[in-house]
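Inside the fold
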Amino acid sequence: MEMEEMILNYTSQQNELRKHISLQNNFSADQIKLVAGVDIAYWGENTKEYGACCIQVIDFNSKKIVEQIEYINEITIPYISGFLAFRELPLVLEAVKKLRTNPDLYMFDGNGYLHSRHMGIATHASFFLEKPTIGVAKTYYKIENTDFIMPENIAGAYTDIVIDGVVYGRALRSRKDVKPIFVSCGNEIDLDTATNITMHFIEKESRLPIPTRYADLATHQARKLERDY
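This text gives an overview of the structure that appears in the document. Just so it is clear, the model here is predicted, and its values are computed rather than measured. (Residues numbered from 1 in each chain as written. Predicted model: local features only at pLDDT ≥ 70, side-chain atom pairs only at ≥ 80, totals over all residues. Heavy atoms only, no water.)

As for helix 4 (residues 191-200)
Among all positions in helix 4, only Leu 191, Thr 193, Ala 194, Thr 195, Ile 197 and Thr 198 are buried. Its buried side turned inward, helix 4 meets strand 4 (105-109), strand 5 (133-137), strand 6 (158-163), strand 7 (166-172) and strand 8 (181-187). Where helix 4 starts, the residue carrying a side-chain oxygen 3.2 Å from the main-chain nitrogen of Asp 192 turns out to be Asp 190. (Buried < 20%, exposed > 50% of the residue type's maximum accessible area, 1.4 Å probe, protein only. Helix = DSSP H or I, 4+ residues; strand = E, 2+ residues; numbered from the N terminus. Contact = heavy atoms within 4.5 Å. Polar contact = N/O pair within 3.5 Å; in protein donor to acceptor, adjacent residues only side chain to side chain.)

Topic: the packing of aromatic side chains
Tallying each qualifying case throughout the model produces nine aromatic pairs. Where Tyr 10 meets Phe 83, the ring centres are 5.9 Å apart and the plane angle is 45 degrees; that geometry is what we call tilted. With a gap of 73 residues between them, Tyr 10 in helix 1 (residues 3-18) and Phe 83 in the loop between strand 3 (65-74) and helix 2 (84-97) connect regions that are remote in the sequence. Since its relative accessible area comes to 9%, Tyr 10 is described here as buried. Look at Tyr 10 and Phe 86: their rings are 3.9 Å apart centre to centre, the planes differ by 5 degrees, and that puts the pair in the stacked class. One end of the pair, Tyr 10, is in helix 1; the other, Phe 86, is in helix 2, and 76 residues separate them in sequence. Phe 86 shares its class with Tyr 10; the two are buried. An aromatic cluster of at least three residues, connected via ring pairs, comprises Tyr 10, Phe 83 and Phe 86. Sitting over the ring of Tyr 42, Arg 87 keeps its end group 4.7 Å from the ring centre. Note that Arg 170 overlies the ring of Tyr 158, its terminal NZ or CZ placed 3.8 Å from the centroid. (Phe/Tyr/Trp six-rings, centres within 6.5 Å; stacked < 30°, edge-to-face > 60°. Lys NZ or Arg CZ within 6 Å of the ring centre and 35° of its normal.)

Some thoughts on unusual backbone geometry
Across the chain, the bulk of peptide bonds are trans and the bulk of non-glycine residues have phi less than zero. A positive phi is found at Asn 46, a non-glycine position, where the angle reads about 55 degrees. Overall, Asn 46 belongs to the exposed group, its relative accessible area being 65%. Non-glycine residue Glu 188 carries a positive phi angle of around 60 degrees. Position of Glu 188 among the secondary structure elements: in the loop between strand 8 and helix 4. A relative accessible area of 25% means that Glu 188 is categorised as partly exposed.

What to know about the environment of Leu 91
The topology assignment puts Leu 91 in helix 2. What makes Leu 91 buried here is its relative accessible area of 3%. Residues in contact with Leu 91, not counting those within four places in the same chain, are Ile 40, Gly 51, Cys 53, Tyr 71, Asn 73 and Ile 75.

Considerations on the pairing of strand 6
Across the two faces of strand 6 the burial differs, with Thr 159, Ile 161 and Ile 163 buried and Tyr 158, Asp 160 and Val 162 not buried at all. Inspection of the sheet shows strand 6 paired to strand 7 by six bridges, in the antiparallel sense. In the sheet register, Val 162 faces strand 7, and the bridge partner there is Val 167. Two successive antiparallel strands, strand 6 and strand 7, enclose a turn made up of two residues, where Asp 164 displays a positive phi of approximately 50 degrees. (Pairing = 2+ DSSP bridges.)

So, the side chain of Thr 123
Summarising the element assignment, Thr 123 is placed in helix 3 (residues 121-129). When its relative accessible area of 0% is taken as the criterion, Thr 123 is described as buried. Ignoring any residue separated from it by four or fewer positions in sequence, one finds Thr 123 in contact with Ile 21, Asn 111, Gly 112, Tyr 113, His 118, Thr 133, Cys 185 and Gly 186.

Looking at the sheet that holds strand 3
Sheet strands line up and pair through hydrogen bonds in the backbone, either parallel or antiparallel. Pairing is mixed across the open sheet formed by eight strands, whose spatial order is 3-2-1-4-5-8-7-6. Both edges of this open sheet fall to strand 3 and strand 6, since each of them pairs with a single strand only. Within this sheet the neighbouring strands show an average axis-to-axis angle of 25 degrees, counted without direction. (Axes fitted to C-alpha atoms, helices over the stretch in contact; angles between N-to-C directions.)

So, in structure tokens, the structure goes:
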């Protein structure tokens, strides 16, 4: 498939899926027992590119790791800005197949609604996982030339990222004296709940919530082991 045709096809798929995004909770707070953190790392080897998807399932109350898995495979879909989910989703879905537990919610190291077409990986994946999702990104990639407003230097302070009157996501100061993280709804959840769940998993060791922090660390380890093998 030619690049132009691929972009048109991907855009069409995103536009169709976005019609079904819900920014309301489809669950009650006491239903969330297990939260899965998802992250992906890439590396090149002998002209080929590989990706490792790591999932860390965390008990909501104890914050302990319940299960951890990884899935590694060659990447054949090229990187196209704005369409990263198409590149990552195959890895995510194969990794999920390996889970023995059944997470109630998935938290992605990446964006959800905070995307030019509201279709970051957290949102895109939700339609296949059929679970509520949250996007938590380490950095903000400017959308329509709109910058975020720096939140106060207080743990839990935030500013909404508003573009043309629409709230796309939130710059959240998860801890005092650290850079903000960027929280957005994936699907079937509202932004306040996504923020509260993110803050629930913040500990003093990192500005990142435990599920995606552990998944991020696992991807670095998986990549190192594969490259050293």
